[in-house]
Amino acid sequence: MTMNFLNPVTTQTWANGRHMVRCVKVIQETWDVRTFCFMAEQPVLFFFKPGQFVTLELEIDGEPIMRSYTISSSPSVPYSFSITVKRVPGGRVSNWLHDNLAVNDELAVHGPVGNFNSIDFPADKVLLLSGGVGITPLMSMTRWFFDTNASVDVEFIHSARAPRDVIYHRELVHMFSRIPEFKLHIVCEKKDDIGEAWAGYRGYLTQPMLELMAPDFLEREIFCCGPTPYMNAIKHILRDNGFDMSHYHEESFGATPLDVREDVLELAELAEAEAEEVDVADMLSVEFSTSGKSVRIQPGETVHSAAAKLGLHIPKACGMGICGTCRVPLASGEVEMEHNGGITDEDVAEGYILSCCSTPKGNVVVDF
């Protein structure tokens, strides 16, 4: 019997950045949902805040693609982390992961990042609301509460299409059966043609349902994740009841909405029309020291767009300052950075910026 696993090792701690990991397990959660578990070759303590996410660096059909997924595991199980992915009809990345990612495959991940987490908003009474695969960050929070014996009163309400679509059903029932302060409620949306025996709530989550399940919902810290219509409906209920929305938190990561994309195109056309009017003296220099290249840009342009003009590829996924993939060191100069949680205060203190949402205030030098 080998005892190598008992040998002393130097264990590193996960920090926001790029890391190589290996898939060690694939779990079929439901008919169209799989969990992928990852570890590093050398021991790494994967500590993160429950609710945060990582960005996968993939190559599909020869094209580099970045895609962000919430971590569904808990940092209380520190030597690995997991993501849970639903197969989406026509979804290029989700289908590729289901069909191709297997045990022992290696890939790079970026992160962890994200403002949506249970550590930064501690509370004695919590309401977790999820719809579909939006359960993943809330499952990470629940596992953390359970594993750490946290003194928290948890009401967990999950909406699924049908009983067969309830992700983590057995584990949820197990956890909530062991702690009286944890209460689980599941809603199956299909009133008709569920095709399975179901004695629980049916239809869409409404205020009367919410009042039955969590009568004191106005007194709780609320974490919500699910499809946009689901989250909008929740916010409508809360606002109608005078809820203090500073205690409401939602996972907003997702594809850029169509109206935002249209606004971007319109702004791009305006910028192109105004470009000729910009005085050359007002343009700013962006130097990339490692590459030995520099370019002059107009005020308001981002560091990422400056790199693109030089043919430099800074990895990027969301383009909105959420995923943290485009993090680079700022060697000199100042930028205005309007991010959405994709970078930590520690990273900023060390001189890092997110190139996709950083506009130079003057001439800058970037270490890339």
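Here the structure is a predicted model, which is why all the values come from computation and not from measurement. Residue numbers run consecutively from 1 along every chain, following the written order of its sequence. Reporting in this predicted model follows two pLDDT cut-offs: at least 70 for local features of residues, and 80 or more for side-chain atom pairs to be given and counted; totals over whole chains, interfaces and linings ignore these cut-offs and use all residues. Heavy atoms throughout the structure, all of them, feed into the side-chain values; hydrogens and water do not.

1. As for the nonpolar core
The condition is simple: As used in this record, nonpolar core signifies buried Ala, Val, Leu, Ile, Met, Phe, Trp, Tyr and Cys residues forming a set joined through side-chain atoms within 4.5 Å. Per-residue accessibility, obtained with a 1.4 Å probe over protein chains only, is compared with the maximum for each type, and a residue is labelled buried under 20%, exposed over 50%, and partly exposed between these values. The way it works is that DSSP assigns letters per residue, a run of H or I at least four long becomes a helix, a run of E at least two long becomes a strand, and they are numbered from the N terminus. Contacts: residue pairs with any heavy atoms within 4.5 Å of one another.
Grouped together as the largest cluster of nonpolar side chains are 24 residues, with contacts concentrated most on Trp 14, Phe 38, Leu 56, Phe 81, Ile 83 and Leu 97. For this core, the element with the most residues is strand 5 (residues 53-60), which contributes 4 residues. Not counting residues up to four positions away in its chain, the partners in contact with Trp 14 are His 19, Val 44, Leu 45, Phe 46, Phe 47, Phe 48, Val 54, Ile 71, Phe 81, Val 109, Gly 111 and Pro 112.

2. Observations concerning the pattern of salt bridges
To be explicit about the condition: Put simply, a salt bridge is a Lys or Arg side-chain nitrogen that is within 4 Å of an Asp or Glu carboxyl oxygen.
Under the counting rule described, the total for this entry stands at 19 salt bridges. Across the pair Asp 216 and Arg 220 runs a salt bridge whose closest N-O atoms are separated by 2.9 Å. Note on accessibility: Asp 216 and Arg 220 belong to one class, buried. Put simply, Arg 327 and Asp 347 hold a salt bridge, and the shortest N to O gap is 3.1 Å. Separated by 20 residues along the polypeptide, Arg 327 in strand 17 (residues 327-332) and Asp 347 in helix 8 (residues 345-349) bring together distant segments of the chain. Among the residues examined, Asp 347 registers a relative accessible area of 7% and is labelled buried. Because the salt bridges share partners, they merge into one network encompassing Lys 125, Asp 153, Glu 155, Asp 216, Glu 219 and Arg 220.

3. Some points on the packing of aromatic side chains
Just so we agree on the cut-off: Pairing of aromatic rings covers Phe, Tyr and Trp, the last through its six-membered ring, and needs centres within 6.5 Å; plane angles under 30 degrees mean stacked, over 60 mean edge-to-face, and all others mean tilted. Charges are assigned to positions over rings by a cutoff of 6 Å between ring centre and Lys NZ or Arg CZ, combined with an angular limit of 35 degrees from the ring normal.
Evaluated as defined, the whole model comprises 9 aromatic pairs. Consider the rings of Trp 14 and Phe 46, whose centres lie 4.9 Å apart with planes at 85 degrees: the pair is edge-to-face. Of this pair, Trp 14 sits in the loop between strand 1 (12-13) and strand 2 (17-30) while Phe 46 sits in the loop between strand 4 (44-45) and strand 5, placing them 32 residues apart in sequence. The pair Trp 14 / Phe 46 is uniform in exposure class, with both members buried. Relative to Phe 81, the ring of Trp 14 has its centre 5.1 Å away and its plane inclined at 25 degrees; by these criteria the two rings are stacked. Taken together, the residues Trp 14 in the loop between strand 1 and strand 2 and Phe 81 in strand 7 (residues 81-86) connect sequence positions 67 residues apart. Judged by relative accessible area, Phe 81 falls into the buried class, the value being 0%. Above the plane of the ring of Trp 31 lies Arg 164, whose end atom (NZ or CZ) is 4.3 Å from the centre. Looking at Arg 327, its charged tip hangs above the ring of Tyr 352, at a distance of 4.0 Å from the centre.

4. Concerning the state of the cysteines
Defined simply, a disulfide is a covalent bond joining two cysteines at their sulfur atoms. Formally: In this description, a disulfide is simply a cysteine sulfur pair whose atoms lie within 2.5 Å.
All chains considered together, the criterion is met by 0 disulfides. Left unpaired, Cys 23 is separated from the closest cysteine sulfur, that of Cys 37, by 7.1 Å.

5. What to know about the environment of Thr 84
Counted only if it meets this: Whenever a nitrogen or oxygen atom comes within 3.5 Å of another N or O atom, the pair is scored as a polar contact, on the condition that within protein one atom can donate a hydrogen and the other can accept it, and that pairs from neighbouring residues in sequence are kept only if both atoms are in side chains.
By the element assignment, Thr 84 lies in strand 7. Accessibility expressed as a relative area gives 4% for Thr 84, which makes it buried. One polar contact links Thr 84 to Thr 35, side chain to side chain, over a distance of 2.8 Å. Here Ser 72 takes part through its side chain, which lies 2.9 Å from a polar atom of the side chain of Thr 84.

6. Observations concerning helix 3 (residues 169-178)
The cut-off we apply is this: Along the arc lie the directions from the helix axis toward the C-beta atoms.
What helix 3 keeps buried is the set Leu 172, Met 175 and Phe 176. Summarising the axial view, the buried residues of helix 3 lie within an arc of 90 degrees, below the 170-degree limit, and thus occupy one face. Across helix 3 from its buried face, at more than 90 degrees, point the exposed residues Arg 170, Ser 177 and Arg 178. For helix 3, the secondary structure elements touched by its buried residues are helix 2 (135-147), strand 10 (153-160) and strand 11 (182-188).

7. What to know about the environment of Met 39
Locating Met 39 in the fold gives a position in strand 3 (residues 33-39). Assessed through its relative accessible area of 32%, Met 39 is described here as partly exposed. The spatial distance from the C-alpha of Met 39 to the C-alpha of Ser 80 is 4.7 Å, given a sequence separation of 41 residues. Beyond its immediate stretch of four places on either side in the chain, Met 39 contacts Val 21, Arg 22, Val 24, Phe 46, Tyr 79 and Ser 80.

8. Remarks on the side chain of Glu 301
Mapping Glu 301 onto the fold places it in the loop between strand 16 (293-297) and helix 7 (303-309). On the basis of relative accessibility, which here comes to 17%, the residue Glu 301 falls in the buried class. A distance of 2.8 Å separates the side chain of Glu 301 from the backbone nitrogen of Gln 298, its partner in a polar contact. Engagement of the side chain of Glu 301 in a polar contact is seen with the side chain of Lys 309, the distance being 2.7 Å. Leaving out residues up to four positions away in the same chain, Glu 301 has contacts with Lys 309, Ser 358, Thr 359 and Pro 360.

9. Brief notes about the sheet that holds strand 6 (residues 63-70)
To keep things clear, this is the line we draw: Pairing between two strands requires that DSSP report at least two bridges joining them. Throughout, an axis means a line fitted to C-alpha atoms (over the contacting stretch in the case of helices), and angles, computed between N-to-C directions, take values from 0 to 180 degrees.
Read across the open sheet, the 6 strands follow the order 6-5-8-2-3-7; overall the sheet is antiparallel. Of all the strands in the sheet, just strand 6 and strand 7 have a single pairing partner and so form its edges. Averaged over all pairs of adjacent strands, the angle between their axes in this sheet comes to 40 degrees, without regard to strand direction. Sitting on the sheet, helix 1 (residues 92-100) is in contact with strand 3, strand 5, strand 6 and strand 7, with an inclination near 80 degrees to strand 5.

10. With respect to the pairing of strand 10
Threshold: By convention, a crossover is right-handed whenever its connection, traced from the first strand over the helix to the second and viewed with the strands pointing away, goes clockwise.
In terms of burial, strand 10 is a largely internal element, 7 of the 8 residues being buried. The pairing of strand 9 (residues 125-131) with strand 10 spans 7 bridges and is parallel. The partner of Val 126 across the bridge, within strand 10, is Val 154. In this fold, strand 9 hands off to helix 2, which returns the chain to strand 10; that crossover is right-handed. As judged from the 7 bridges shared by strand 10 and strand 11, these two strands associate in the parallel manner.

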